[in-house]
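Below are the chains, spelled out letter by letter.
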Amino acid sequence: MDIAFGAGAGVEAVRVARCTRELAGCAAELRRQASEASAIAETLVDTALVGADVPARSGEGRASRRGSPLTDRLRAAMASWREQFALSAEALHGLASRLDQAAAAMPVRQSWPPPPSAIAAARVVAMPWPVVTAVASQPAGSSEPNGVILLVPDELTVCAARLRSVSGRAEALERAVAGSMGRAEQVLRDAATPRPITPMSVEVLRETTGRGLRVASVGAFAAAVDLEGRLVRLADGPFASRPTPAGAGSALAIAAGLLAAVDATTSGRSRGRSAAATLRATRAALAGLSPVTRAAVISQLRGAGLAALGEQARRLRAASSRLADPSELGTVAQAIELAGLADDLLASAPREMIDELVRALPWLEPAPPTVPATWSASLSPAPRPAGTPSAPVWADRSSEPLVRDGIGSDDIGQGTVPDCYLAAALVGFAAQDPDRLAAGIRRNPNGTATVTLHPTADRGDGATSTNVTSTNITVTANLAQGLVRMRRDGPVGWQELAVDADNADGRGELWPALYEKAFARLRGGYPALGYGSTVAALSTLTGHRASWRDARRTGSDDLAAALGDGEVVLVTTRERTGPAGLVAAHAYAVLAVDSGRGRVLLRNPWDPPAGETNERWYDWSAVRGDVRTVVRGATR
């Protein structure tokens, strides 16, 4: 009996060719990123940002910018950032060369990873900012004449703008490098033959280089915010130097920048592309803080700050008709960055701030499923228990694990939402590649979870794994429940309306429910999930385009080959089905194929009764007439 389960087989030559092609592509991306790092380093030449000394005006004594604490600190910081970008470029070029060797299966010519001096982040120099203010007088009793530091507002404005640009480019570069190195790691893991570089070496370099780029990005942004604050205060005349506690300056500057960004973008002083750039830089700065510091900074928005963000979101939603206008791309960019900032805030806000955040930005909690009429009818003739609501309620499940005993296909049970296409895709994905599915969801310190989806993967315009954009969607662990009487004479109790958050053993395991909730946020609420596309759901989950084929042109051997290649395989049924046992207008996951007997093992994604699995073997020739399409897609 020849039974093909999952990713057990594959054509070696095809696998090697794919690995070679993808490694070469990663190497080319890294070279482009190295060039960008070098270009950013060139913009940090100090003469391009801070002018030379100039004479003082009459009666002011000697004036100096080169000798001022502010200028000295700025030059030192820029020098460290410039070195960081140069070292990053060197490391990226070196890694690209090793990937080329790996792609060509060349022998090792020198050791890898390189010594620490060649790894960018091994030389990271954290430069807290700000440390001093702008003007100081000579100490009493000094033999030197009193000095005045001359600050030219126009130069400070240019310097702040360029530092913001450096910060934004560094943040984008960090993300691009992380993506390229992550893909390289995965390809190297997939390659069974020895290579001149290991996935662990790439992972170490990715983490250290990313940390170095993040330091430069956050430092440049904080310096820009500080300079802009000084411009405001310069109008009031000189002010004395005031040291800040070690490490506090950067967080304080970012907190001030966050409040300033909210004020500028909500007051209308900053709109369109300008507002988008401000929000993007703010997000980059927040990303560089530790979780505890980030939560403290975000807490400064409570009250008026969140109310202003909510008002800005309402204005953008009211102007949604303008977003399709090509002349309003700046407004589109602003809306995208505001949505991203909202997710960042939800992922990092203090736990006690989450309810206030959701009230200010209500789209962060998707519209709940409706309570089925059969559930309401089940409560009759007995009266509803006193004090219980008729609408769904949100139950907090944040204390329960995302993954309890590893991800498995039996963790998924579809609820009352008619999204069998999504539940079946989760079943198939869990059966074929549970590690990849687990990597797409993470728990945040405040109890929320962030899910990575790929909504552009199903555009149908030739998108592939190399040009699909990932989207991180943060959701709370609040799950909608409704009252129901499960048995005719049984008690009334609360039951989850959407995908079950308990595994096959009846213990809490949240990952399937939170994946579905992230989809609900993406689509505009649980009610919008009804009767969707299996192809789109699978593509959005995996980031790879799925395809479909008429079941009448698909044999059991074709299904076995797809499973053997590691693909997820799903089937959708027709509006009417015969006596073979398949549910009409439904989606199933194919878990295994018995090629010798022409049978397929299908899993119905409905939540199974206790002790059952909803898995069943079917004769493919008997049920193929009831199947409309076969959907398949890679996970990596």
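To be clear, the structure that these remarks concern was listed above.
Here goes a summary of the coordinates provided. Being a predicted model, the structure only gives us computed values, none of them experimental. (Residues numbered from 1 in each chain as written. Predicted model: local features only at pLDDT ≥ 70, side-chain atom pairs only at ≥ 80, totals over all residues. Heavy atoms only, no water.)

**Points about the environment of L95**
(1) Moving on: Following the sequence through the fold, L95 ends up in helix α3 (residues 69–103).
(2) Moving on: When the C-alpha atoms of L95 and L30 are compared, they prove to be 7.7 Å apart, with 65 residues separating the residues in sequence. (Helix = DSSP H or I, 4+ residues; strand = E, 2+ residues; numbered from the N terminus.)

**Describing empty space enclosed by the protein**
A water-sized probe rolled over the atoms picks out the places where empty space is left.
(1) Moving on: Applying the stated criterion across every chain yields a total of 4 cavities of 30 Å³ or more.
(2) Moving on: Every residue along the wall of the second largest cavity is listed here: P369, L479, A480, E496, L497, A498, V499, A513 and Y526.
(3) Moving on: Taken together, the residues of the lining of the second largest cavity break down into 8 nonpolar, no polar and 1 charged. (1 Å grid on protein atoms, 1.4 Å probe; cavity = no way out; pocket = protein on both sides within 12 Å on 5 of 7 lines; lining within 4 Å. Points joined across faces, edges and corners; volume = space filled by probe spheres on them. Nonpolar A, V, L, I, M, F, W, Y, C, P; charged D, E, K, R; others polar.)

**Regarding the pattern of salt bridges**
(1) Moving on: Taken as a whole and judged by the stated rule, the model has 19 salt bridges.
(2) Moving on: Between R169 and E36 there is a salt bridge whose closest N-O contact spans 3.0 Å. Of this pair, R169 sits in helix α4 (residues 153–190) while E36 sits in helix α1 (residues 12–43), and the two are 133 residues apart along the sequence.
(3) Moving on: By relative accessible area, which is 26% here, E36 ends up partly exposed.
(4) Moving on: Between D405 and R507 there is a salt bridge, with its nearest N and O atoms 2.6 Å apart. With D405 in the loop between β4 (393–396) and α13 (420–432) and R507 in the loop between β9 (492–496) and α15 (511–523), this residue pair connects regions lying 102 residues apart in the sequence.
(5) Moving on: Through salt bridges with shared partners, a single ionic network connects R280, R283, E337 and D344. (Salt bridge = Lys/Arg side-chain N within 4 Å of Asp/Glu carboxyl O. Buried < 20%, exposed > 50% of the residue type's maximum accessible area, 1.4 Å probe, protein only.)

**Re α15**
Since there are 3.6 residues in each turn of an α-helix, residues three or four apart along the chain are aligned in direction.
(1) Moving on: Its 13 residues place the ends of α15 18 Å apart at the C-alpha level, agreeing with the 18 Å of an ideal helix rising 1.5 Å per residue.
(2) Moving on: Most of α15 is tucked away: 11 of the 13 residues are buried.
(3) Moving on: Taken together, the buried positions of α15 are occupied by W511, P512, A513, L514, Y515, E516, K517, A518, F519, A520 and R521. (Expected span 1.5 Å × (residues − 1).)

**A closer look at the sheet that holds strand β7 (residues 471–475)**
(1) Moving on: Pairing in this open sheet of 3 strands is antiparallel, and the strands run β5-β6-β7 from one edge to the other. Each edge of the open sheet carries a strand with a single partner, namely β5 (441–443) and β7. Recorded for the sheet is a direction-independent mean angle of 20° between the axes of neighbouring strands.
(2) Moving on: Judged from the 3 bridges that link them, β5 and strand β6 (residues 449–453) form a sheet pairing that is antiparallel. Residue pairing across strands places I441 opposite V451, the latter belonging to β6. (Pairing = 2+ DSSP bridges. Axes fitted to C-alpha atoms, helices over the stretch in contact; angles between N-to-C directions.)

**Side note on the pairing of β6**
(1) Moving on: The element β6 is largely enclosed, with a buried count of 4 among its 5 residues.
(2) Moving on: Where β5 hands over to β6, the hairpin turn is made up of 5 residues, of which G447 adopts a positive phi near 95°.
(3) Moving on: Where β6 meets β7, 5 bridges bridge the pair, whose relative direction is antiparallel. Across the sheet, the residue bridging to V451 is I473, located in β7.

**Re the packing of aromatic side chains**
Aromatic ring pairs are reported here in terms of the distance separating the ring centres and the angle at which the planes meet.
(1) Moving on: All chains considered together, the criterion is met by 1 aromatic pair.
(2) Moving on: Relative to Y515, the ring of W511 has its centre 6.2 Å away and its plane inclined at 90°; by these criteria the two rings are edge-to-face. One end of the pair is W511 and the other is Y515, both in helix α15 and 4 residues apart, which spans about a single turn. This pair shows no difference in class: W511 is buried, exactly as Y515 is. (Phe/Tyr/Trp six-rings, centres within 6.5 Å; stacked < 30°, edge-to-face > 60°.)

**What to know about the packing of α15 against helix α16 (residues 534–542)**
(1) Moving on: Where α15 meets α16, the axes come as close as 12 Å, and the angle between the chain directions of the two elements is 110°. The orientation of α15 with respect to α16, classified from their angle, is roughly perpendicular. Across the interface between the two elements, Y515, F519, L522 and R523 of α15 pack against A536, A537, T540 and L541 of α16.
(2) Moving on: A breakdown of the residues in the contact of α15 with α16 according to their chemical character gives 6 nonpolar, 1 polar and 1 charged. (Parallel < 35°, antiparallel > 145°, perpendicular 65-115°, else oblique. Contact = heavy atoms within 4.5 Å.)

**Topic: the nonpolar core**
(1) Moving on: In this structure, W511, Y515 and L541 are the most contacted members of the largest nonpolar core, which totals 48 residues.
(2) Moving on: Only α13, β6, β7, α15, α16, β11 (568–573) and β12 (587–594) provide two or more residues apiece to this core.
(3) Moving on: When residues in this core are grouped by element, the largest group, 10 residues, is from α13.
(4) Moving on: Ignoring anything within four residues of it in the chain, the contact list for W511 reads L402, V403, I407, G408, D411, I412, L426, A430, L437 and I441.
(5) Moving on: Counting 42 residues, the second-largest nonpolar core is a separate cluster that includes A34, M78, A96 and L173. (Core = buried A, V, L, I, M, F, W, Y, C linked by side-chain atoms within 4.5 Å.)

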